[in-house]
Amino acid sequence: MERPVKDGILYVQHCRFGKRFWRKMRAQLFAASPSGVARMEKFDVRDDGTALEQTSLRRCARRVIRLSDCVSVGPAGTESCPKATAAFYLTTTEKSYLLASEQRDEWITQLCQLAFQGAKETTQSSSRTQPSPAVPMEENSLYSSWQDLTEFPVLVVRTDAATRCGLHGHYLLSALPQSLTLKDPQSRQPLLTWPYPFLRKFGQDQTVFSFEAGRRSDSGEGTFTFSTPRAPELCRAVSAAIACQQQGKDAPDPRLFCAPDPQPPAQGLKPQPWGPGAEEPQPSPPLG
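Computed from a prediction, not measured in an experiment: that's the story for all the values here.

Caption draft 1: Broad picture of the overall build of the chain. Check the secondary structure of the chain and you find five helices and 15 strands. Contacts in the chain between residues far apart in sequence, at least 24 positions, make up 47% of those at least 6 positions apart. Accessible area for the chain stands at about 16,700 Å²; split by element, carbon and sulfur atoms hold 50% of it.

Given below as structure tokens:
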């Protein structure tokens, strides 16, 4: 019988009708073994923290997150967490979770070891089978591919525009050099595209990114809001791409995405023409 590497209480943030709330869960971390893959299992608990009856667990109350699908893990910003807890995020190829725990650092350490240690060991074993290069080299822990910097897992927050377009659940939002593109998380096929000249405003607030589309966009005019723990990075990627279009460059410098958050413009700033018949996208004040 498998024994969990870590077992404890976690709080998972949910969003319903634009309102956020925390749900108490019991979570267990399992390492990869002949009996199963590396994973996190979480299931409902009573208010006193005790598990539900085994019969309830057999009725699919248990939820599994495969750690092989994990993309990133790390501490989250200041959040209105439950008492005596701290927030952290867990992003997979399918979904982004915002969690809170009294032992945040321990959970992050264990998740990173289970999710990324296997890939590291595979790389080391393959390097041992090949001749050593003439020049000693080290892995760059800061390396990120272009896709890592411009593609963000998001959760749609209900708005009139999102409802009109039939958007709900989880997607991938890509800040491409020419446009914002919403993709299916499984097939990665584009679903909606917003060219930057057709964005009136955009902005972010901690874990929320929002923009106002103009009437010339495929979706029609309206406000679209997405929940993601990487909201500041997404906002910087959009700002960098727009700046490059204004300067006539093909693609933004990835280093721009790591710059400090841009200062919000003064209140009452009105959009000015950005091109022939275009609506200039401008960073909006932080969403409150």
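Alright, that's what it looks like, and here's the rest.
Caption draft 2: Molecular detail of the pairing of strand E9 (residues 170–175). For E9, a buried count of five out of six residues is recorded, marking the element as mostly surrounded by other parts of the structure. With five bridges joining them, strand E8 (residues 151–157) and E9 adopt antiparallel strand pairing. Note that in E9 the partner of glutamate 151 across the bridge is serine 174. A loop of three residues connects E9 with strand E10 (residues 179–183), the two strands running antiparallel in sequence.

Caption draft 3: Seen up close, the sheet that holds strand E5 (residues 70–75). Read from one edge to the other, the open sheet built from seven strands follows the order E4-E3-E2-E1-E7-E6-E5, with strand pairing classed as antiparallel. Two strands close off the open sheet at either side, each with one partner strand: strand E4 (63–66) and E5. Strand-to-strand twist across the sheet, computed as the mean angle between neighbouring axes with direction ignored, equals 30°. The pairing of strand E3 (residues 39–44) with E4 spans four bridges and is antiparallel. Looking at the pairing, glutamate 41 lines up with valine 64 of E4.

Caption draft 4: Geometry of the confidence of the model for the chain. For the chain, the mean per-residue pLDDT works out to 75, and 69% of the residues sit at or above 70. Within the model, the stretch residues 52–60 combines pLDDT values under 50 with six contacts to residues more than four positions away or in other chains. Of the regions scoring below 50 in pLDDT, residues 142–146 engages in six contacts with residues more than four places distant in sequence or in other chains.

Caption draft 5: Geometry of the nonpolar core. Formed by 28 residues in total, the largest nonpolar core has its most connected members in Leu173, Leu180, Leu182, Trp194, Phe209, Phe211 and Val238. With seven residues, helix H5 (residues 231–247) is the single largest residue contributor to this core. Ranked by size, the runner-up nonpolar core spans 20 residues in total, among them Val12, Ala38, Phe88 and Tyr97.

Caption draft 6: Broad picture of the pattern of salt bridges. What the rule picks out here adds up to eleven salt bridges. With a closest N to O distance of 2.2 Å, arginine 188 and glutamate 151 form a salt bridge. Within this pair, whereas arginine 188 is found in the loop between E10 and strand E11 (190–195), its partner glutamate 151 is found in strand E8, the two being separated by 37 residues in sequence. The salt bridge involving glutamate 221 is made with arginine 200; its shortest N-O contact spans 3.0 Å. In this pair, glutamate 221 is assigned in the loop between strand E13 (208–213) and strand E14 (222–227) and arginine 200 in strand E12 (residues 199–205), connecting sequence segments 21 residues apart. Judged by relative accessible area, which is 41%, glutamate 221 ranks as partly exposed. Look at the salt bridges and you will find they share partners, linking Glu151, Lys183 and Arg188 into a network.

Calculation criteria
Residues numbered from 1 in each chain as written. Predicted model: local features only at pLDDT ≥ 70, side-chain atom pairs only at ≥ 80, totals over all residues. Heavy atoms only, no water. Helix = DSSP H or I, 4+ residues; strand = E, 2+ residues; numbered from the N terminus. Contact = heavy atoms within 4.5 Å. Areas by Shrake-Rupley, 256 points an atom, 1.4 Å probe, with all protein chains shown as cover. Buried < 20%, exposed > 50% of the residue type's maximum accessible area, 1.4 Å probe, protein only. Pairing = 2+ DSSP bridges. Axes fitted to C-alpha atoms, helices over the stretch in contact; angles between N-to-C directions. pLDDT = per-residue confidence, 0-100. Core = buried A, V, L, I, M, F, W, Y, C linked by side-chain atoms within 4.5 Å. Salt bridge = Lys/Arg side-chain N within 4 Å of Asp/Glu carboxyl O.

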